[in-house]
Every structure is written in structure tokens, then in C-alpha cells.
Amino acid sequence: MVERTPILNFFTHLILFAGFVFCVAPFVIVAIAASHNLKDVNDVPMSLLPGSDFWVNIKTAWTTADLGPKLLNSFIMAFGVAAGKVIISALTAFSIVYFRYPGRMLMFWLIFITLMLPLEVRIVPTYAVVANVLEPYQAILDLTGISWLIQKISGVQVQLSLGLLNSYSGLILPLVATATGTFLYRQFFLTVPDELTEAARMDGAGAMRFFVDILLPLSRNNMAALGTIMFLWAWNQYLWPLLITTDQSHAMAVTELKQLIPNVGGAPEWHIAMAGTLIIMLPPLVVVVLMQRWFVRGLIATEK
Amino acid sequence: MASITIRGVKKNYAKTQVVHGVDLDFASGEFVVILGPSGCGKSTLLRMIAGLEEISDGTIAIDNMVVNKLEPRERGCAMVFQNYALYPHMSVSQNIGYSLKVAGVPTAERTQRIQAVARVLELEHLLDRKPMALSGGQRQRVAMGRAMIREPKVFLFDEPLSNLDAKLRVQMRSEIRKLHRRLSATSVFVTHDQVEAMTLADRLVVMNGGRVEQVGTPAEVYSRPASRFVATFVGAPAMNMLEGEVTLEGLSLLGGSRKLNVSRAGLAVGSKVAVGIRPEAVRMVAPGTPGALEATVDLVEELGAGRVIYVDLDGAPFSVVTSETVHPEPGSAIGLQFAESDLHFFSSETGGRLDVFKASVPEPAL
């Protein structure tokens, strides 16, 4: 229903504005709190007029929590997850949509099932695997007696071990291996006309050539959308980085935010915590602003 | 330039058979049009030649080499699709040159060949545009350019004109014809439009229900349709068909209400036939003229150059095409007259042609 009357226009804008205020208010309060000094931020109620210590607080937050390297870590991880997702999803969807092979439906459902098993559900086994990626193979060797045999024959004890704790790969890979993006791509690939595939075949392009030359350029909006969502999602991950990064050199910005939150018995430095929050919020915000044009197109429409 | 030999080709989709054993020979450099109603298997046949569709049974050979198991790119065919199937993200020159790029032709040579093709198709000023920014006719020409640039042995056209408006279709038709004269590559053109088929074809293949009904020059197909289906499918308005029975005196039509005194050479008395007569072969005369069939005018369609007059012949629809400037009033009676040699006889059971007047039909001049 498209109706345009001045009164209706007024009310729709009113509703929009109310929604906007409702969404933005918490951020405004955070920003105001970040500009107060220690005394003002702990006033009840807190003054809603901005204070004058904004930059001082930002600087304090930055140095206290050593945010520089942590933001970099977060960025590497979020970017890695986003890129990995985009690539894996495109490839799996390509396989499912364009090839007929035995077990195709099985693959499809296996991928589908990963949607029902998010990382939080399988976090213990995932941790075990990341702690030693080769553990399952070691178990197979031990159970079948092969390692015993090898030890008897050569005297070498087989001990497979490849730990990914405190590493970028350990942070990124488990987050990449889920199916969310596959279905986005699948839906898009299904809308690509068959004649395009056939034209490419007539032009002599093989499967991978078609994928790289035709499908990928056509799905760039999808890529942008998926990449943005995954970047935000990975940036905001808390549980997984907390679990596997014991080493400060691989700490994430989001998990390290807790260092700024006042401890029981410590000074209630909420203004510093709020300033830190603002800093950590900034990169995802920039990504959304930069990508939003592509992002919206990728989610709503298929380009003709 | 290549000949195409099709032997006993069948196509099954799961359990349904859509092409029931087709045997065809296309000579090198020939322009063949496959004509048929939608769902007759003509596109499937074309796609089997192209290699986009697997051949369930039989063989297809290009230049005497069986290509059943070859990939499309190895068959030397180029195809123009109904929806053009241009790559939307590539410019016109990239679209045209894509097959060369895949084949690893160096950029300099590629540019040169794209230029050459663009010159022939008058696309030079559009080379940097995206398909989105082109009109239907221009897209059509880009699609042809993409096929031409590979200098293929065989051109395949899958209803390439059906998305164009009427005027453009006529124009593209003659362009395709001219192009074929220049390149003289074997071309197979699939369409359901009989005007397209008649004007383009060196040879016409009429298909129906997954079978070939007739193969011949357009003139042959028009003047000596091999079956009742071909007779009614080719020609507009369609050939009039009257059910009848052979009697001692000649023919008894429409359950005995009309009699025709014609020689019944070769036809057994009592056999059931369908008598066909082209609307163009019927003359209108004054009602009551001896030997003429009497009918009532239903509707007159003005075509400018002529008129189609729909009449009612004891309930059976019948049409007459005339170029005379007559305007019979709907409801008035008229007489219909035609030469015995213009009658076509088809078996009522099989639909096949019964050659009663073989000798009197002149061989069509090519």
C-alpha cells in the first residue's frame, strides 16, 4: 500500500524518529558518560550535559587497556573470518548448485546441520580439536594398533600434535566452518539464469573458469553483504577468543574490554570504560558505513 | 563449414521420451530451420547438437565425426540463445571476446578480431557499454557477435528473434540471412514462427511431438505438406480441412451435406479422408454458380493488401483469402470455387498425405 497524505507522512516520520531516538539513546549516553570526569560520571542521576574530559578519557582508555595491538588482533581475526566465510560459502554453494554427484544431498544436509550446531553448542569438542588438530588421527592410530606397530618396528613413538591455541588460525578457522553463508550464495546462484551457464560452456569455459569469470563478479553484492555481516559477527565474538587466547599477544579488543570495567573495590572509573567501548565500537561502524550501499543491494535484490 | 548427420537420435527425461528417433542430414553450408509448436522437441534436438543436452540414444556426427561424448567447446558449434545470455558484468567487447580469452588468444589479436566482428555487426560505437545499456536489437547483435568471433563450423540459433518486437524481428531476419550468405557456415535455426522459418530456410524441418513430420524446401513444404499436421501448421491462415468420404461420384463432405465432383484416382470408395484447401486457393463466386460450394459469411478481416473472409460451411469453419476489393456482408451467402489440383488429401486415420493428384502438382522452383 503506497499512500501519500500530509498527515500520514507526518505520522510515519514521527514513528521513524521515535524509533531512531530509541536506538540511538544508549549510544548518546555512553558518549556523554565518556566525556565526564570520575566525580560526574558517578553522580546519581548522571548529568546528561557533556563534560569536557572526552579526549583525556579516550587516551587513558587506550593506554590502560593497551588497545592498539588488540584492535589489530581483532581486525585480523574479523577480516580472516569474513574472507574465509566468503570463500568457503561461495565454493560450497557452487558445488551444491552446479554439480550433480553422488552424495550431493548428503553434503547439502551435512552443511545444513552445521546451522543447528553453533560454536557455543560444540565448544568443548572444538576446543579439544584446536588444542591438538591431529588428536583424532592419533586416536585412530592408537586404536588400530598402528602406532604400537610402528613403535615395535622402528622404535619411534608416534605422537601427532599440532596445537592452534593462541594463534590466529585457531581463532579464525572454527568460526569459518559454518553454513550461514552457503545458503545466501545458494539462493543467489539459483537465480542466475541457466542460459548464462550454457553460454559459458559454449564459449569453452570450464567449471572453475565459469566460477571465477562469471559467478564471482555477479555475486559481488552478496560477497559484500556476507563479508560485512561476518566481520561484525566475528568482531563481536567473546566466548571463543576468551577460551583459546591465554596469551596477551593474541588478546582481542572485545574480550579485553573487561580490563577497563571497574573491579569490586577499585575506583568506579566508568568514564574510562565507556571511552574504551566507544573506541572498540568504531571499526565495525566504519565497515558498515563504507559497505552499506553494497550490503543492502546484496540482501534485497538480484542485479539484472 | 561442416555437415551434420543425425541418426536415430532419442531423448529421454527420466521415463518420458521427448524425441523419438530423429534421422536428419544437413549439408555443409546449408541454412536449416527446424519448425514446430512449443514442446515438439526442436530445442532439445538443437541442444543435443550443441552438446548442452545428453543424447539418450543414436548418434550425432559433425563432419562425419561422432560428437556424442564431446564437450560443447570441442564440437566447433556456436549458439545464439533466446534470451541472448550476455554476461551482465562484462562490456560488449568483453562479451564478444570471452571465448577467445578462454582459449588463450593474445590480447592484440583478440582486440583485432573483436573490432572486425563489431564492424560487420555495426557495434563499433557500443563496445564499451554493458548489456544493460543496450536495446533488444543491439543485445541480439552482440549475441551473434559472440557466436561469430569463434568462426565456428556450425551456428545454432535457439529462437533468437522471439524476444524482439515485430519490426526488429523482420530486420534481424534479413540480417541473419545476409550474415549466412557472407559466412556460409552451416546454420541450424529453431523457431515456432512459420514466417521466420519460410523466409530464412534453405531447408525446412517440421517437427511435431518429438518426430520429424517433413523435410523439404519451404516451397515444397507449403505446396505439398506431407501430413495433416504440416498442412495446418504451415501457412496463415491455416489450411481449411474438411472431413469427407470417397464415394462413387467423387467426395461426400461434412457427413454427406456437401458433394464434390472430383476424380478419385487411387482412392478406394468408402475410405475416410480429410480434404485440405489453402485459403489462398479459394475463389469467391456468386452464390448458385454451378459446382461451387455455398456458404454464409461470418466475419471479414481487413489486412490492407487483402482480406480474410471467414465463412460457415454447415458449421465447419472455413477461411478464404482474397486480394479483390470485395466486402461481403456478414450473414450473406457466397459461393466458393477451387481447382481440383489445389486439393490436398490426407488419411483420416494416420494423417499422412494421400497423393491423388501427384502428376498435376508442379515441382516447386528453387
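Keep in mind that what you see is a predicted model, and the values were worked out from it rather than measured.

1. What about the pairing of strand S16 (residues 293-302) of chain B?
All names here are of chain B.
Then step 1. Here four bridges tie S16 to strand S19 (residues 333-337), and the two strands are oriented antiparallel to one another. The residue of S19 that forms the bridge with glutamate 294 is glycine 335.
Then step 2. Relative to strand S17 (residues 307-313), S16 runs antiparallel, the two sharing six bridges. For valine 300, the partnering residue across the bridge sits in S17 and is isoleucine 309.
Then step 3. Hairpin remark: S16 followed by S17, antiparallel, with four residues in the connecting loop; positive phi at glycine 304, about 90°.

2. Brief notes about the domain arrangement of chain B
Residue and element names in this part refer to chain B.
Then step 1. Split into domains, chain B comes out as domain 1 (4-228) and domain 2 (237-360).
Then step 2. Computed over C-alpha atoms, the centres of domain 1 and domain 2 are 39 Å apart.
Then step 3. Facing the four residues of domain 1 at the interface are seven residues of domain 2.
Then step 4. Across the side of domain 1 that touches domain 2, the residue classes break down as two nonpolar, one polar and one charged.

3. Some details on the interface of chain A and chain B
Then step 1. Counting from both sides, the interface comprises 16 residues of chain A and, opposite them, 17 residues of chain B.
Then step 2. Put simply, the parts of the chain that give the side of chain A that touches chain B at least two residues each are helix H11 (194-202) and helix H12 (207-218) of chain A.
Then step 3. When grouped by side-chain class, the residues that make up the side of chain A that touches chain B number eight nonpolar, one polar and seven charged.

4. Thoughts on the confidence of the model for chain B
Residues and elements named next belong to chain B.
Then step 1. Confidence along chain B averages 85 in pLDDT terms, with 95% of residues attaining 70 or more.
Then step 2. pLDDT under 50 marks residues 358-366. Its contacts with residues more than four places away, or in other chains, come to nine contacts.
Then step 3. Note on the complex model: pTM 0.76, ipTM 0.78.

5. What to know about the sheet that holds strand S11 (residues 240-246) of chain B
All names here are of chain B.
Then step 1. The strand order across the open sheet built from six strands is S13-S12-S11-S14-S20-S21, with neighbouring strands paired in antiparallel fashion. At either margin of the open sheet sits one strand with a lone partner, and together these are strand S13 (258-260) and strand S21 (353-354).
Then step 2. Here strand S14 (residues 272-277) pairs with strand S20 (residues 344-347) via four bridges, running antiparallel. The partner of glycine 276 across the bridge, within S20, is histidine 344.

6. A closer look at the nonpolar core
Then step 1. Formed by 153 residues in total, the largest nonpolar core has its most connected members in Ile34(B), Ile49(B) and Leu156(B).
Then step 2. Ranked by residue count, the leading element in this core is helix H4 (residues 67-98) of chain A, at 10 residues.
Then step 3. Two domains share this core, each providing at least three of its residues, namely domain 1 (4-228) and domain 2 (237-360) of chain B.
Then step 4. When near neighbours in sequence (up to four residues on either side) are disregarded, Ile34(B) contacts Lys42(B), Leu45(B), Leu46(B), Val188(B), Val190(B), Val205(B) and Met207(B).

7. Focus on helix H5 (residues 104-116) of chain A
Then step 1. Between its first and last C-alpha, H5(A) extends 19 Å over 13 residues, near the 18 Å set by a 1.5 Å rise per residue.
Then step 2. By the criterion of burial, H5(A) is predominantly exposed, with just zero of the 13 residues buried.

Cut-off values and rules
Residues numbered from 1 in each chain as written. Chains lettered and ligands numbered in written order. Predicted model: local features only at pLDDT ≥ 70, side-chain atom pairs only at ≥ 80, totals over all residues. Pairing = 2+ DSSP bridges. Helix = DSSP H or I, 4+ residues; strand = E, 2+ residues; numbered from the N terminus. Domains from an automatic or database assignment. Contact = placed C-beta atoms within 7 Å. Nonpolar A, V, L, I, M, F, W, Y, C, P; charged D, E, K, R; others polar. pLDDT = per-residue confidence, 0-100. Core = buried A, V, L, I, M, F, W, Y, C linked by C-beta atoms within 7 Å. Buried ≥ 20, exposed ≤ 12 C-beta atoms within 10 Å, placed from the backbone. Expected span 1.5 Å × (residues − 1).

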